[in-house]
Amino acid sequence: MDSIEKAIRNAFEKGDPENREFREKVYRAAFGALDRALKANPAMTVEAAIGRRKSLQAKITEIESEFMPAAPAVSLGQAGAAPAPDISLNGNGAASAPSVSIGTPAAGVTPVVPDIMPDAVLPGGPPIEITEKRSRAERRAADRASARAERRRPYAAMFLAVTLLAMGGIGAWWAVQTGQFKSAAEIDTSVHNPPKQLESEDFSPTDAGPARPGEVDQSRNWITVFTPTDPTDVSAPGGTSAEVAKDDTGSFLRIRSGNTGSAIVFDVGRGVLEQIAGKHAVFDIIARAEDGKETQMAVDCNFGELGDCGRKRYLVGYQRGEYLFEMDVPDKEPGAAGTIAINSDLTKEGKAVDIYEIRVSVTE
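**Q** Got a sec to walk through the overall build of the protein? Specific residues and values, please.
**A** Helices and strands together make up the secondary structure of the protein, namely six helices and 11 strands. Taking all 364 residues of the protein together, 27% fall into the buried category. Within the protein, residue pairs in contact and separated by at least 24 positions form 73% of the contacts whose partners lie at least 6 positions apart. When the accessible surface of the protein is totalled, it reaches about 23,000 Å², and 54% of it is carbon and sulfur.

This is the structure:
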């Protein structure tokens, strides 16, 4: 398996490869990564760059064919034989490559993949070429033309690169303005759509790491949101658990989302929200994973009139750490209390997280 195919299949493992829109995002990210690599290589010629894009196109077509439904069998009889497809020859005598669309026709949408297709080839053979005999004068004229073209090549390549960059910028602007990157749910405003969430960081996901104990400025004026000494402000829905425990590191609340993927909810009092309204708030979740079982923890918050913090994801190890997030809080009356919801295991394997404390500090 080559490096391009391996990268694409690794990206598939971060989401649902059966979802055509997810696969399209992976393919677009692969083309973007290739373009960046080509632009960063000053020795790359235009012909070589086109060849690399053709190879990637062919690999994507090969991978995508695995997701297409099997075609129904066609029986060939004297009266009901299926007609052969038309194959035309282009100007150099090569059979034109048939257009390839990814996905079933009934879906009505094909992936956004550049339409650079490999040259047509004979089964098991190289690309089709046509040769002809030329006179000595014709060969000399062709050599002189080739030499002139070689002298002009650097300038032509530079002009082509500038033109492609300009066209790419215009195309991206047009696609954003016309909503080409929006899903069908986002375009259809007649129904309520859930808030957009980050999807597997596209092609190369990363996880936020914790601050080590003592790295966070302890002189800040911290406001306590939660401690294990008062677990009454914690809600654990069905399929989850929240239990107070203690060891040589101190008291903590061990939360477990179980295989439901549900979050455990921590109340944030109205008084706390009133203190952070109109300020820049830094939240600190002091936590660790259970018994050395590294886990992916997700954090969401809902502060009512003061908004939310967006979805955060952290890779939590057994060593106790401080997991931070920050937000600019609107200068409004909160109106009611808020919540911080924590999912202890995004993989739904029943891993737990020990929560020692949740606190917040503010700056003007």
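Having put the structure on the table, let's press on.
**Q** Can you lay out the packing of aromatic side chains for me, pointing to particular residues and giving the numbers?
**A** Counted according to the given criterion, the structure contains eight aromatic pairs. Ring geometry for Phe-12 against Tyr-27: centres 6.1 Å apart, planes inclined by 65°, an arrangement best described as edge-to-face. Taken together, the residues Phe-12 in helix α1 (residues 3-12) and Tyr-27 in helix α2 (residues 20-39) connect sequence positions 15 residues apart. Summarising the burial analysis for this pair, Phe-12 and Tyr-27 share the class buried. With a centroid separation of 5.5 Å and an interplanar angle of 20°, the aromatic rings of Phe-283 and Phe-303 are classed as stacked.

**Q** An account of the packing of α1 against α2 is needed here, citing residue identities and associated values.
**A** Two elements in contact, α1 and α2, have axes separated by 10 Å at closest approach and are oriented at 145°. The hand of the α1/α2 crossing is right-handed. For the pair α1 and α2, the contacting residues are Ile-8, Ala-11 and Phe-12 in the first and Phe-22, Arg-23, Val-26, Tyr-27 and Ala-30 in the second. Residues that form the contact of α1 with α2 fall into these classes: seven nonpolar, no polar and one charged.

**Q** Tell me about the environment of Val-225, and please be specific about residues and values.
**A** Mapped onto the fold, Val-225 is located in strand β1 (residues 223-226). Taking the relative accessible area as the measure of exposure, Val-225 reaches 15% and is therefore buried. Separated by 59 residues in the primary sequence, Val-225 and Asp-284 have C-alpha atoms spaced 9.6 Å apart. When neighbours within four sequence positions are excluded, Val-225 is seen to be in contact with Asp-267, Val-268, Val-272, Ile-358, Arg-359 and Val-360.

**Q** Residues and numbers for the pairing of strand β11 (residues 352-363), please.
**A** Counting buried residues in β11 gives nine out of 12 residues, a clear majority hidden from the surface. Examined bridge by bridge, β1 and β11 share three bridges and lie antiparallel to one another. Residue pairing across strands places Ile-223 opposite Val-360, the latter belonging to β11. Of the strand pairs in this sheet, strand β4 (residues 250-256) and β11 are connected by four bridges, and their pairing is antiparallel. Counterpart to Ile-255 in the pairing with β11 is Val-353. Bridging between strand β6 (residues 280-289) and β11 involves 10 bridges; their strand directions are antiparallel. Counted as the bridge partner of Asp-284 is Arg-359 from β11.

**Q** Outline the state of the cysteines, supporting the account with residue identities and numerical values.
**A** As used here, a disulfide is simply a covalent bond connecting the sulfur atoms of two cysteines. In this structure the tally under the stated criterion is one disulfide. Here Cys-301 pairs with Cys-309 through a disulfide, and the sulfurs are 2.0 Å apart. One exposure class covers both Cys-301 and Cys-309, and it is buried.

**Q** Just give me the short version of the pattern of salt bridges, but keep the residues and values in it.
**A** Applying the stated rule across the entire model yields 17 salt bridges. A salt bridge links Glu-62 to Lys-59; the shortest N-O distance between them is 3.4 Å. Remark: Lys-59 and Glu-62 occur in helix α3 (residues 46-64); sequence separation between them is three residues, near one turn of the helix. With relative accessibility at 13%, the residue Lys-59 sits in the buried group.

**Q** Before we move on, can you summarise unusual backbone geometry with the specific residues and values?
**A** We note that Lys-348 has phi near 60°; this positive angle belongs to a residue other than glycine. Inspection of the secondary structure puts Lys-348 in the loop between β10 (338-343) and β11.

**Q** Lay out α2 with the relevant residues and their values.
**A** With 20 residues, α2 should reach 28 Å at 1.5 Å per residue; the first-to-last C-alpha distance of 29 Å fits that figure. Of all the positions in α2, only Phe-22, Arg-23, Glu-24, Val-26, Tyr-27, Ala-29, Ala-30, Phe-31, Leu-34 and Leu-38 are classed as buried. Of the surrounding secondary structure, the elements contacted by the buried residues of α2 are α1 and α3. For α2, the side-chain oxygen to backbone nitrogen distance between the N-cap and Glu-21 is 2.9 Å, and the N-cap itself is Asn-19.

**Q** Before we move on, could you go through the packing of α2 against α3 and cite the residues and values that matter?
**A** Helix packing geometry: the angle between the two helix axes and the distance between the axes. The N-to-C vectors of α2 and α3 enclose an angle of 160°; their axes lie 11 Å apart at closest approach. Here α2 lies roughly antiparallel to α3, going by the angle between them. Here the hand of the crossing between α2 and α3 comes out right-handed. In contact with Arg-23, Tyr-27, Ala-30, Phe-31, Leu-34, Asp-35 and Leu-38 of α2, α3 contributes Ala-49, Arg-52, Arg-53, Leu-56, Gln-57, Ile-60, Ile-63 and Glu-64.

**Q** Before we move on, can you summarise the nonpolar core with the specific residues and values?
**A** Counting residues in hydrophobic clusters, the biggest one holds 36 residues, and the most contacted among them are Phe-266, Ile-342 and Ile-355. Looking at this core, the element that brings in the most residues is β6, giving five residues. Apart from residues no more than four positions distant in its own chain, Ile-342 is found in contact with Ile-255, Ser-257, Ala-263, Ile-264, Phe-266, Ile-285, Met-297, Ala-298, Val-299, Ile-355 and Ile-358. Ranked by size, the runner-up nonpolar core spans 14 residues in total, among them Ile-8, Ala-11, Val-26 and Ile-63.

Procedures and definitions
- Residues numbered from 1 in each chain as written.
- Predicted model: local features only at pLDDT ≥ 70, side-chain atom pairs only at ≥ 80, totals over all residues.
- Heavy atoms only, no water.
- Helix = DSSP H or I, 4+ residues; strand = E, 2+ residues; numbered from the N terminus.
- Buried < 20%, exposed > 50% of the residue type's maximum accessible area, 1.4 Å probe, protein only.
- Contact = heavy atoms within 4.5 Å.
- Areas by Shrake-Rupley, 256 points an atom, 1.4 Å probe, with all protein chains shown as cover.
- Phe/Tyr/Trp six-rings, centres within 6.5 Å; stacked < 30°, edge-to-face > 60°.
- Axes fitted to C-alpha atoms, helices over the stretch in contact; angles between N-to-C directions.
- Left-handed = near helix turned anticlockwise from the far one by under 90°.
- Nonpolar A, V, L, I, M, F, W, Y, C, P; charged D, E, K, R; others polar.
- Pairing = 2+ DSSP bridges.
- Disulfide = S-S within 2.5 Å.
- Salt bridge = Lys/Arg side-chain N within 4 Å of Asp/Glu carboxyl O.
- Expected span 1.5 Å × (residues − 1).
- Polar contact = N/O pair within 3.5 Å; in protein donor to acceptor, adjacent residues only side chain to side chain.
- Parallel < 35°, antiparallel > 145°, perpendicular 65-115°, else oblique.
- Core = buried A, V, L, I, M, F, W, Y, C linked by side-chain atoms within 4.5 Å.

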